[in-house]
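This is what each chain is made of:
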Amino acid sequence: MRLRLAGLRSALAGPFDLSVAAGACVAVTGPSGSGKSLLLRMIADLDPNEGEVWCDDVPRAAMPAPEWRRRVAYAAAEPGWWAETVAPHFSDLAAAKSLAGAIGLAPALLVGLVARLSTGERQRLALLRTLLPAPPVLLLDEPTAALDAGSVAQVEALLRARLAAGAAVLLVTHDAALAARLGQRRFAMQAGKLAPA
Amino acid sequence: MKPTLPLTAPDLAIAALLVVLDGVLSVALGLGLHRQLAVAAARMVLQLVLIGFVLRYVFALASPAVTLLVVLLMMTVAAREVAVRPEQRLARFGNFAVGGAAVALATLLTSVLALTTALRPQPWYDARYAIPLAGIVLGNVLNAASLALDALLGAVVRERASIEAQLALGATIGVAMRRLVRDAVRRALLPIVNQMSAAGVVTLPGIMTGQILAGVDPMEAVKYQILLMFLLAGGSGLAAVATVLLAARRLTDGRQRLRLDRLLRR
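Residues numbered from 1 in each chain as written. Chains lettered and ligands numbered in written order. Predicted model: local features only at pLDDT ≥ 70, side-chain atom pairs only at ≥ 80, totals over all residues. Heavy atoms only, no water.

Student: So what exactly am I meant to see when it comes to the overall build of chain A here?
Tutor: A tally of helices and strands in chain A yields 6 helices and 10 strands. Its C-alpha radius of gyration of 16 Å places chain A within 12% of the 16 Å reference for a compact globule of 197 residues. Each of the 197 residues in chain A was classed as buried or not, and the buried ones make up 51%. Relative to all contacts within chain A whose residues are 6 or more apart in sequence, the contacts with residues 24 or more apart total 69%. Between the averaged position of the 20 positive side-chain charges in chain A and that of its 17 negative side-chain charges there is a distance of 2 Å. (Helix = DSSP H or I, 4+ residues; strand = E, 2+ residues; numbered from the N terminus. Rg over C-alpha atoms; globule rule 2.2 N^0.38 Å. Buried < 20%, exposed > 50% of the residue type's maximum accessible area, 1.4 Å probe, protein only. Contact = heavy atoms within 4.5 Å. Lys, Arg positive; Asp, Glu negative; His and termini not counted. Charge placed at Lys NZ, Arg CZ, Asp CG, Glu CD.)

As structure tokens, then:
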């Protein structure tokens with residue numbers, strides 16, 4: 001299993017037990033505030049939590065948190081930016097430029113200012129920086145919320161390519177159609193508990 | 001040592017007429033300040049006269065334990081000032097703990113350095129030197145520590161998304177917070193940089209003015225002022241760095257998370 005959770009919980013949500021195989025996408029839908037983002041943040045170890053998590057059968061506790069987060073990469077619904085220009089957010093700018101076109105981003109955006117970007121551009125650039133190091137597990141929080149239908153299709157194609165390459169994806173979305181298209185298994189989050197949907 | 005122009009009570013009474021003038025202005029212009037003004041002036045006189053007596057008593061005692069006690073008391077008050085300034089509070093009295101540790105470290109290091117090398121009174125912990133020196137260093141160190149703490153705590157709340165975005169991509173908490181740490185230290189050091197650049201040109205520092213008025217040769221007063229400025233600069237730097245590092249440590253945990261749940265809003 002690429003990703004496995006056993007009894008993952010915090011005071012606000014869980015316990016969660018879930019496995020995602022290589023090449024599989026699990027989609028989670030549910031009302032705002034039901035704990036969807038919290039689940040992803042707990043798996044990425046960004047919020048205090050209890051329980052066990054494995055990536056490729058290696059327990060999370062066996063490695064330092066930064067290394068875990070490089071393997072189990074989380075992209076927040078509202079991406080953060082730590083520099084004024086776009087370029088410092090990418091460790092490999094050339095690779096970013098070559099991949100940008102696939103999700104409808106002009107390579108020139110990568111040398112511009114963050115403040116000039118539209119919400120949709122920010123969202124796709126944030127997805128790009130998460131995807132580029134090719135982490136085995138992707139935790140994606142509303143990756144298409146601010147996108148038009150054409151961009152959603154491009155992002156979807158990129159995610160399918162990652163799945164085909166063996167990544168496991170845990171996708172949180174409000175978009176029921178996207179969840180149905182991408183998610184081999186679907187769950188609904190209700191008050192901090194997961195139920196099959 | 002007697003000042004060359006000793007002040008008498010009537011001398012001070014004449015100067016006090018200026019505060020009365022302020023009060024008259026307040027009444028005439030309807031500023032509503034005269035009560036506060038009177039209370040503040042009375043407090044100032046009372047506090048200073050009291051501390052004058054206390055210092056005279058402590059100097060005469062010449063007891064290292066009492067001197068240490070007075071310095072510790074001053075540090076506690078300073079730590080409290082550092083703690084209450086920021087809008088954000090670290091849980092479990094974190095602000096006080098961080099402020100206290102930083103203020104104590106910076107003040108003790110710089111004061112002991114000056115007492116054992118530059119000033120060298122006999123003994124080096126002589127209350128007449130140790131207490132006033134610790135006091136002036138504390139005043140500046142307090143300022144630097146509170147600016148640093150306020151800047152860092154404000155920044156982590158404001159920049160939560162950017163810190164966590166870096167963490168989520170596998171950055172260590174040290175890398176993710178580096179810019180905020182640097183900005184907070186820089187902000188804390190600006191006042192002392194300004195103070196040094198303006199010294200003698202824009203302002204005559206208070207200590208130097210006091211010494212010159214008390215009859216000390218200007219060059220001697222200048223030498224003391226330079227020594228003090230260096231001490232204050234060193235103390236401010238130490239306090240700012242210690243504050244920021246200690247506060248940053250409380251904002252993370254063993255799994256390198258950003259623990260904003262450890263911040264309480266005022």
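Student: Looking at this structure, I do not really get the domain arrangement of chain B. What am I missing?
Tutor: One frequently used descriptor of interface size is the decrease in accessible area upon assembly of the parts. Residue and element names in this part refer to chain B. For chain B, the assigned domains read domain 1 (1–61) and domain 2 (63–265). One C-alpha centre belongs to domain 1, the other to domain 2; they are set 29 Å apart. Counting residues at the interface gives 6 residues for domain 1 and 10 residues for domain 2. Across the interface of domain 1 and domain 2, roughly 700 Å² is buried in total on both sides, 75% from carbon and sulfur atoms. Counting the surface domain 1 buries against domain 2, the share from its top three residues, Val-58, Phe-59 and Leu-61, is 64%. Put simply, domain 1 and domain 2 have 0 salt bridges between them. Counting across the interface, domain 1 meets domain 2 through 1 residue pair in polar contact (both at pLDDT 80 or more). (Domains from an automatic or database assignment. Buried area = accessible area lost by both parts, 1.4 Å probe. Salt bridge = Lys/Arg side-chain N within 4 Å of Asp/Glu carboxyl O. Polar contact = N/O pair within 3.5 Å; in protein donor to acceptor, adjacent residues only side chain to side chain.)

Student: Looking at this structure, how should I read the sheet that holds strand β4 (residues 50–55) of chain A?
Tutor: Residues and elements named next belong to chain A. Reading across from one edge, β2-β1-β4-β5 is the order of the 4 strands in this open sheet, with antiparallel pairing throughout. Among the strands making up the open sheet, the edge pair consists of β2 (16–20) and β5 (58–59). Bridge count for strand β1 (residues 3–9) against β4 is 5 bridges, and the pairing is antiparallel. Its bridge partner lying in β4, Arg-9 is registered against Glu-50. Against the sheet, helix α1 (residues 36–43) makes contact with β1, β2 and β4, and its axis sits at roughly 110 degrees relative to β1, the strand it touches most. (Pairing = 2+ DSSP bridges. Axes fitted to C-alpha atoms, helices over the stretch in contact; angles between N-to-C directions.)

Student: So what exactly am I meant to see when it comes to the side chain of Ser111(B) here?
Tutor: When you line up the elements, Ser111(B) lands in helix α4 (residues 94–119). Ser111(B) sits in the buried class, given a relative accessible area of 6%.

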